[in-house]
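# Structural features, examined
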Amino acid sequence: MSERTLRGRVAIAGIGETTYYKHGRSPDAEFKLALEAILHACRDAGIDPREVDGFASYGGDRSDGPRLAAALGIHELRFSNMHWGGGGGGVAAAVANAGAAVHAGMAHCVIAFRSLAQGQFARYGRGAQAAAASGDDAFLAPYGLMSPAQRFAMKITRFMTEHGIRHEALRAIALTSYFHAQTNPRAVMRGRPLDAAKYEDSRWIIEPFHRLFDCCMENDGAAAVLVVPAERARDMPHRPAYLLGAAQGGHHRSAAPVHNAPDYASAHFPTVARNLWSMAQLGPKDVDVLQAYENFTGGVLLGMIEHGMVSAEEANEFMVPENLRFDTGRLPLNTSGGNLAECYMHGLELVNEAVRQLRGTAPNQVRDPKVAMVIGGPMVTPVSSLILGTEETL
Amino acid sequence: MSKPYLPEGLPAPAQEPIALPYWEGTRAGRLVIQKCGGCGKHQWGPEWVCHRCHSFDLGWAEVAPRGRIYSWQRPHHPVHPALDGHGPYLIVLVELPGADGVRMVGNLLGDPMQEVTIGAEVEAVFEPHDGYTLVQWRLVG
Ligand SMILES: [Zn+2]
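Residues numbered from 1 in each chain as written. Chains lettered and ligands numbered in written order. Predicted model: local features only at pLDDT ≥ 70, side-chain atom pairs only at ≥ 80, totals over all residues. Heavy atoms only, no water.

As recorded by an unreviewed UniProt entry, chain A carries the name Thiolase, related to ditF possibly involved in diterpenoid metabolism and is attributed to uncultured Craurococcus sp.

So, in structure tokens, the structure goes:
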């Protein structure tokens, strides 16, 4: 019996994205943005878009696969997949689901994508405006707890307090993203540099760990990757980014109602990280460049800790911008500017950046990386993460 | 009726059938949550099955309205029109040691700028609204 793994079996052969806009500024409808990103990914891979035979997405994307398949005139649709869960928790899972379908022979050429036009639809940072709250929200919304930031803030408070981690560790994450965005032509925050003083002067969104710059932007745009079998990727124009490992899910009762997860002060990666390393046959020290989803900087830190990239005990010392920059960093982080400063494309932009790093074509290129990692939206359930590698990591 | 902690106009909790004993309890000034008839453990929030033993026999039991602050946050950014211009307020996550450590979310009454300590003892305060009663928390002693 062959080993049950995706390691080295599939690769990302094409990446694409639209122009990234501030929220509500896209001149195009969300569905058009999705089409544009997908067409760019196909062009990048040098294939006829009609050859695509599957779509995978997450976060309740409104551009559904069958509608895309019709609009693109694809020959036959073999795989349509939506990953449960809100936000960007499913970004790596969508890529992995595409990969699993390809590896299992259910499809040959699958697009994983995300499209968002928050001018056309509602924003995330305000609560639902309904008069009554039901389900979990009945026990949260009447207390003024409605936004994603608020849903996660008490995990961060608890973890940081328990471990004595100072806010400067989170500041370093924000400064690093903004630093990288300044040299990335795609970045929405290019030309808007951030320094420690500006961070410290920024308004509170939520005390004690969420200043304005700890929170992601909301943006309009779309991004897509094309997943094909590894052997096919070798014949395509770009150096393949092989999927070495992927995992999704959550630990014991991480989705328990009304903040009752037993292991509460968590980004929900303890079991996911274990499964990720196991499939990749790698460990934290092997990662050359890390793209970690910033919904909030606290989630980045927890996700890094739960993947073993840094320990809670060494966080105060390690989490400084010099250790996280593409040029000087021991662990280059969010080299495109990420959700904070490139674009909040629910993390799909992080996958594209991981692929660019392995191709050697990133604006802030890390020197000769072999292994790139993406951590999806922390603190939701299910979460997901993935590892990509160059030919020599196989 | 004293003034509620947060301005009126926030979403009201739907009085859903699965949670009615809780809401009826709050109106009577009692904290009533789910307790499993199979294994005897408390569980929160309202659910159809016991997460431990899979019993569907989830009854309701009054528990001591006392707890400890497990975590907290002080939102400044208004997330709802009713909060525009209101200013910061305190949300606490309270652990109930007398009910198998289940946790409940509420507001911490008093000065919204007060220092909050994880582990501090709190007690429930029943805050009446039009059609429902909220469980709030205040520091003990
Ligand atoms: Zn039970």
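More follows now that the structure is in view.
## Re the interface of chain A and chain B
Basically, it comes down to this: In what follows, a contact means two residues having at least one pair of non-hydrogen atoms within 4.5 Å. Accessible area that two parts lose when put together, with a 1.4 Å probe and added across both, is what the buried area reports. Salt bridges are defined by distance alone: a side-chain nitrogen of Lys or Arg within 4 Å of a carboxyl oxygen of Asp or Glu. Nitrogen and oxygen atoms within 3.5 Å of one another constitute a polar contact, given that in protein one can donate a hydrogen and the other can accept it, and given that sequence-neighbouring residues count only through two side-chain atoms. Under the DSSP-based scheme used, a helix requires at least four consecutive residues in state H or I and a strand at least two consecutive residues in state E, with every element numbered from the N terminus. By the convention adopted, Pro, Cys, Tyr, Trp, Phe, Met, Ile, Leu, Val and Ala count as nonpolar, Lys, Arg, Asp and Glu as charged, and the other residues, Gly among them, as polar. Paired strands, in this sense, are two strands between which DSSP finds at least two bridges.
Counting residues at the interface gives 41 residues for chain A, matched by 42 residues for chain B. Between chain A and chain B, a total of about 3500 Å² is buried, with carbon and sulfur atoms accounting for 56% of that surface. Between chain A and chain B we count one salt bridge in total. Counting across the chain A and chain B interface gives 24 residue pairs in polar contact (both at pLDDT 80 or more). Of all elements in the fold, only strand 6 (132-133), helix 4 (148-163) and strand 7 (204-207) of chain A reach the threshold of two or more residues within the side of chain A that touches chain B. Per-element accounting of the side of chain A that touches chain B gives the leading share, six residues, to helix 4 of chain A. Residue composition of the side of chain A that touches chain B, by class: 24 nonpolar, 12 polar and five charged. Strand direction decides the pairing type here: strand 7 of chain A and strand 5 (residues 66-75) of chain B, joined by two bridges, are antiparallel. Looking at the pairing, A:E207 lines up with B:R74 of strand 5 of chain B.

## Looking at the UniProt feature "domain: Thiolase C-terminal" (unreviewed entry) in chain A
Cut-off, in case you're wondering: UniProt positions are given in the numbering used here, feature names are shortened, and annotations may be inferred rather than shown by experiment.
The positions UniProt marks with the feature "domain: Thiolase C-terminal" (unreviewed entry) are residues 256-389 of chain A. In this annotation, residues 256-389 of chain A is assigned 34% helix and 12% strand; the end-to-end C-alpha distance for the span is 35 Å.

## Examining the sheet that holds strand 4 (residues 58-62) of chain B
Residues and elements named next belong to chain B. Taken together, three strands build an open sheet; the order of strands is 3-2-4 and the sheet is antiparallel. Two strands lie at the open edges of the sheet, namely strand 3 (42-43) and strand 4, each paired on one side alone. Where strand 2 (residues 32-36) lies against strand 3, two bridges are found, and the strand directions are antiparallel. Across the sheet, residue Q34 finds its bridge partner in strand 3, namely Q43.

## Section: the pattern of salt bridges
Definition in use: When a residue's accessible area, from a 1.4 Å probe over protein chains only, is under 20% of the maximum for its type it is buried; when over 50% it is exposed; and in between it is partly exposed.
Under the criterion given, the structure shown has 20 salt bridges over all chains. Residue A:R359 pairs with A:D44 through a salt bridge whose shortest N-O separation is 2.8 Å. Of this pair, A:R359 sits in helix 13 (residues 348-359) while A:D44 is found in helix 1 (residues 30-45), placing the two residues 315 residues apart along the sequence. By relative accessible area, A:R359 is classed as buried at 9%. In this structure A:D44 comes out as buried when scored by relative accessible area, which is 18%. With a shortest N-O distance of 3.7 Å, B:E123 and B:R66 are connected by a salt bridge. With a gap of 57 residues between them, B:E123 in strand 8 (residues 121-129) and B:R66 in strand 5 connect regions that are remote in the sequence.

## Some points on the coordination of the zinc ion
Residue and element names in this part refer to chain B. Counted only if it meets this: Coordination shells were defined by N, O and S atoms within 2.8 Å of each metal, extended to 3.2 Å for Na, K and Ca; water is absent from the atom set, which can make sites look incomplete. When four donors show all angles between 85 and 135 degrees the site is tetrahedral, when four or six donors have opposite pairs over 155 degrees and all other angles between 65 and 115 it is square planar or octahedral respectively, and in every other case it is irregular.
Summarising the metal site, the zinc ion is bound by the protein donors C36 (SG), C39 (SG), C50 (SG) and C53 (SG), whose distances to it range over 2.3 to 2.4 Å. The coordination sphere of the zinc ion comprises four donor atoms, whose angles at the metal cover 100 to 118°; the geometry is tetrahedral. In terms of primary sequence, the donors binding the zinc ion are separated according to C-x2-C-x10-C-x2-C. A residue pair is termed long-range when its members are at least 10 positions apart, and C36 in strand 2 and C53 in the loop between strand 3 and strand 4 qualify at 17 residues.

## Things to note about the nonpolar core
This is how the line gets drawn: Only buried Ala, Val, Leu, Ile, Met, Phe, Trp, Tyr and Cys residues count toward a nonpolar core, and they belong to the same one when joined by side-chain atoms within 4.5 Å.
Core analysis: the biggest nonpolar cluster contains 139 residues, and A:I12, A:F55, A:I111 and A:L290 have the highest contact counts within it. With nine residues, the single largest contributor to this core is helix 1 of chain A. Among the nonpolar cores identified, the runner-up in size contains 48 residues, and B:W23, B:I33, B:V92 and B:L108 belong to it.

## Looking at the environment of B:P46
Mapped onto the fold, B:P46 is located in the loop between strand 3 and strand 4. B:P46 gets classed as buried once you look at its relative accessible area, which sits at 16%. It is 10 Å that separates the C-alpha atoms of B:P46 and B:K35, two residues lying 11 residues apart in sequence. Look past the residues within four positions of B:P46 in its chain and what remains in contact with it is A:F139, B:I18, B:A19 and B:Q34.

## Points about the packing of helix 4 of chain A against helix 9 (residues 297-306) of chain A
All names here are of chain A. Stated precisely, the cut-off is as follows: Only C-alpha atoms enter the line fits that serve as axes; for helices the fit covers just the stretch in contact. Angles between N-to-C directions range over 0 to 180 degrees. Orientation labels follow simple angle bins: below 35 degrees gives roughly parallel, above 145 gives roughly antiparallel, 65 to 115 gives roughly perpendicular, and whatever is left gives oblique. Crossings are classed by handedness, with left-handed meaning an anticlockwise turn of the near helix from the far one by less than a right angle and right-handed meaning a clockwise turn.
Taken N-terminus to C-terminus, the directions of helix 4 and helix 9 make an angle of 60°; their axes are 10 Å apart at the nearest point. By the angle class used here, helix 4 and helix 9 are oblique. As for how helix 4 packs across helix 9, the hand of that crossing is left-handed. Where helix 4 abuts helix 9, its residues I156, F159 and M160 lie against G298, G299, L301, L302 and I305. When grouped by side-chain class, the residues that make up the contact of helix 4 with helix 9 number six nonpolar, two polar and no charged.

## Points about helix 1 of chain A
Residues and elements named next belong to chain A. Using the following cut-off: A helix's residues, less one, multiplied by 1.5 Å, set its expected span.
Under the 1.5 Å per step criterion, the end-to-end length of helix 1 is 23 Å for 16 residues, consistent within 8% with the ideal 22 Å. Among the residues of helix 1, those classed as buried are E30, F31, L33, A34, L35, A37, I38, A41, C42, D44 and A45. Directly beyond the C-terminal end of helix 1, a positive phi value near 70° is found at G46.

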